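Examination of the molecular architecture
Letter by letter, the chains look like this.
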Amino acid sequence: MAAGLGAGGRGAGGSQRGPAAAAGQRPGTAGAAAEGAAAGLRRHRHPRRRHRRPGAGGGGGRDPRPARRGRTAVRTVEVSAERPYRVRIGAGVRSELVELVAGADRVALVHPQVLSGQARELAAGLDARVTDITVPDAEQAKTAAVLQSCWDTLAAAGFTRSDVVVGLGGGATTDLAGFVAATWARGIGFVTVPTTVLGMVDAAVGGKTGINLPAGKNLVGAFHEPLGVLCDLDLLAGLPAADVRAGLAEVVKCGLVADPQILSLVEDDPADAQDPGSARLAELVERAIAVKAAVVSADLRESTSQGRAIGRELVNYGHTFGHAVERVEGYRWRHGDAVSVGMVYVAELAEVVGLQQPALRDRHRSVLTTLGLPTRYSGASFEALLEAMRLDKKTRGSTLRFVALEDLAVPTILSGPEEAALREAHRRVAG
Ligand SMILES: NC(=O)c1ccc[n+]([C@@H]2O[C@H](COP(=O)([O-])OP(=O)(O)OC[C@H]3O[C@@H](n4cnc5c(N)ncnc54)[C@H](O)[C@@H]3O)[C@@H](O)[C@H]2O)c1
Ligand SMILES: O=C(O)C(=O)C[C@@H](O)[C@H](O)[C@H](O)COP(=O)(O)O
Ligand SMILES: [Zn+2]
């Protein structure tokens, strides 16, 4: 059964989403947690499985890409929050979907139009009855109307609590699909098969699901952990360069707040870091997942930040201003581009209030610039951005709270900065 919700398409949005172009390990909790997670990366070979790449026409086609990355190396990162699950990372791991949904009579496969071929291939390998749900592209999927339409489709197909929703796509698709799963029958099984760098390193892991409102980013949602996450690096082959770059903003975020080795890997060869087939990008993906897995394992529901002990809010670095930019731009910016500017904003703010040395602010700008990510934003007034920031989920009452850095991988919460400081940081980011 196919439920077309309108392909949407990037259309004009494609070029409008974001601008065109564009130490030392912390001794505290987050750095240590990331180290622990990195150490927990288990390296083993993928069980032998015949696997057909999309479009390979029966498996006989030659892979046109040079084998710069071990084709069989598969990594596993464990997430142990309320219900343990595994993040599998490597070429071909999407074939493991059949095991993750074993036992379900019905599977809903939620994906954007651009991934229809991959969705068909995945569906063909499943024993369950598959309901295909094509959703609009990118942020256009994260709306109440699309959510309603997904519920209607599940109702028509008779989905019960033993059935499973699979999100195949970038972060926008998996956020929506996860919220569909979280809300259907008060919560059914959910699996993520992320197809973007950002989806793999961030959105597919950790169980934050939801949709946007005109009033704010991700304002409606739920914590709903996946049964498993399949990061199939083969799926990145066709990802547009601008989306690879945007995903790297969240990777750099993990480098700044917890794992500085990430920054060195990017700075050593930024072009290689952006090559979907490179071993460097694979390592960056693994390292960022290790940071995220450690953080959400310790604080799934984002409830434990106290003083210097930062919980899940750590991975919200750069998002207070970043989400405000997305909101005032009508969700036409790429999330990663907005987070890039947001990280520069909070670095400027930390410097303005005397928390951080200028050198760290400069490192933010240089590492993001070297990837071609935006570091300036002058598209909206300070007042409009401030209003949007007030609805950030870290805000308590009328007190704005930012994740900020005292030093590389030394995070803190900057609570209730003066409006003059917020304004000055905006002036500096607006250039
Ligand atoms: N839940 C979380 O913890 C979390 C974390 C970070 C970001 N997010 C959310 O994730 C979203 C951003 O995710 P994103 O950057 O993946 O954007 P996206 O989902 O909009 O995908 C980017 C673009 O790439 C296309 N695409 C996806 N996979 C492709 C592939 N393999 N080949 C070709 N094209 C492909 C998509 O159709 C889209 O046009 C935002 O909504 C953000 O709020 C959520
Ligand atoms: O997983 C988290 O927690 C994050 O904050 C990761 C962010 O990269 C992500 O964009 C998240 O969706 C933001 O959450 P929100 O609670 O600020 O909407
Ligand atoms: Zn994010």
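As the structure is a prediction and not an experimental result, all values here were calculated from the model.

**A closer look at the overall build of the protein**
In terms of helices and strands, the protein carries 16 helices and 13 strands. When burial is assessed residue by residue, the protein has 53% of its 431 residues classed as buried.

**Brief notes about the confidence of the model for the protein**
For the protein, the average pLDDT comes to 87, and 82% of its residues sit at 70 or higher. Long-range and interchain partners of residues 1-16, a stretch whose pLDDT sits below 50, account for 30 contacts in this model, where long-range means more than four residues apart. Predicted complex metrics record ipTM = 1.00 and pTM = 0.88.

**Section: the UniProt feature "binding site: Zn(2+)" (unreviewed entry) in the protein**
The feature "binding site: Zn(2+)" (unreviewed entry), as annotated in UniProt, sits at Glu-250, His-319 and His-335 in this numbering. Across 86 residues of sequence, these annotated residues stay compact in space, with a maximum C-alpha separation of 10.1 Å. Within the fold, His-319 resides in helix 12 (residues 319-328). C-beta crowding within 10 Å serves as the criterion here: with 26 such atoms nearby, His-319 is assigned to the buried category. Other than its neighbours up to four places away in sequence, His-319 contacts Val-339 and Gly-342. Taking the C-beta count within 10 Å as the criterion, His-335 has 31 such neighbours and is therefore assigned buried.

**As for the packing of helix 8 (residues 241-257) against helix 9 (residues 261-268)**
Between two packed helices, the angle of one axis relative to the other and the distance separating the axes together describe the packing. Between helix 8 and helix 9, whose axes approach to 7 Å, the crossing angle comes to 130 degrees. By the angle between their axes, helix 8 is oblique relative to helix 9. Contact with helix 8, carried on its side by Val-251, Val-252, Cys-254 and Gly-255, involves Ile-262, Leu-263 and Val-266 of helix 9 and no other residues of that element. In terms of residue class, the contact of helix 8 with helix 9 is built from 6 nonpolar, 1 polar and no charged.

**Points about the site of ligand 2**
In the region of ligand 2, the neighbouring residues are Asp-202, Gly-206, Lys-208, Lys-217, Asn-218, Glu-250, Glu-302, Arg-312, Val-315, Asn-316, His-319 and Lys-393. Class assignment for the residues of the shell around ligand 2 results in 1 nonpolar, 4 polar and 7 charged.

**Describing the packing of helix 12 against helix 13 (residues 335-352)**
Interhelical geometry of helix 12 versus helix 13 gives an angle of 135 degrees and a closest axis separation of 7 Å. Between helix 12 and helix 13, the angle falls in the class oblique. Two packed elements cross with a definite hand, and for helix 12 against helix 13 that hand is right-handed. Judged by residue contacts, His-319, Thr-320, Phe-321, Gly-322, Val-325 and Glu-326 of helix 12 engage His-335, Ala-338, Val-339, Val-341, Gly-342, Tyr-345 and Val-346 from helix 13.

What counts and how
- Residues numbered from 1 in each chain as written.
- Chains lettered and ligands numbered in written order.
- Predicted model: local features only at pLDDT ≥ 70, side-chain atom pairs only at ≥ 80, totals over all residues.
- Helix = DSSP H or I, 4+ residues; strand = E, 2+ residues; numbered from the N terminus.
- Buried ≥ 20, exposed ≤ 12 C-beta atoms within 10 Å, placed from the backbone.
- pLDDT = per-residue confidence, 0-100.
- Contact = placed C-beta atoms within 7 Å.
- UniProt positions renumbered as here; feature names shortened; annotations may be inferred.
- Axes fitted to C-alpha atoms, helices over the stretch in contact; angles between N-to-C directions.
- Parallel < 35°, antiparallel > 145°, perpendicular 65-115°, else oblique.
- Nonpolar A, V, L, I, M, F, W, Y, C, P; charged D, E, K, R; others polar.
- Near = placed C-beta within 6 Å.
- Left-handed = near helix turned anticlockwise from the far one by under 90°.

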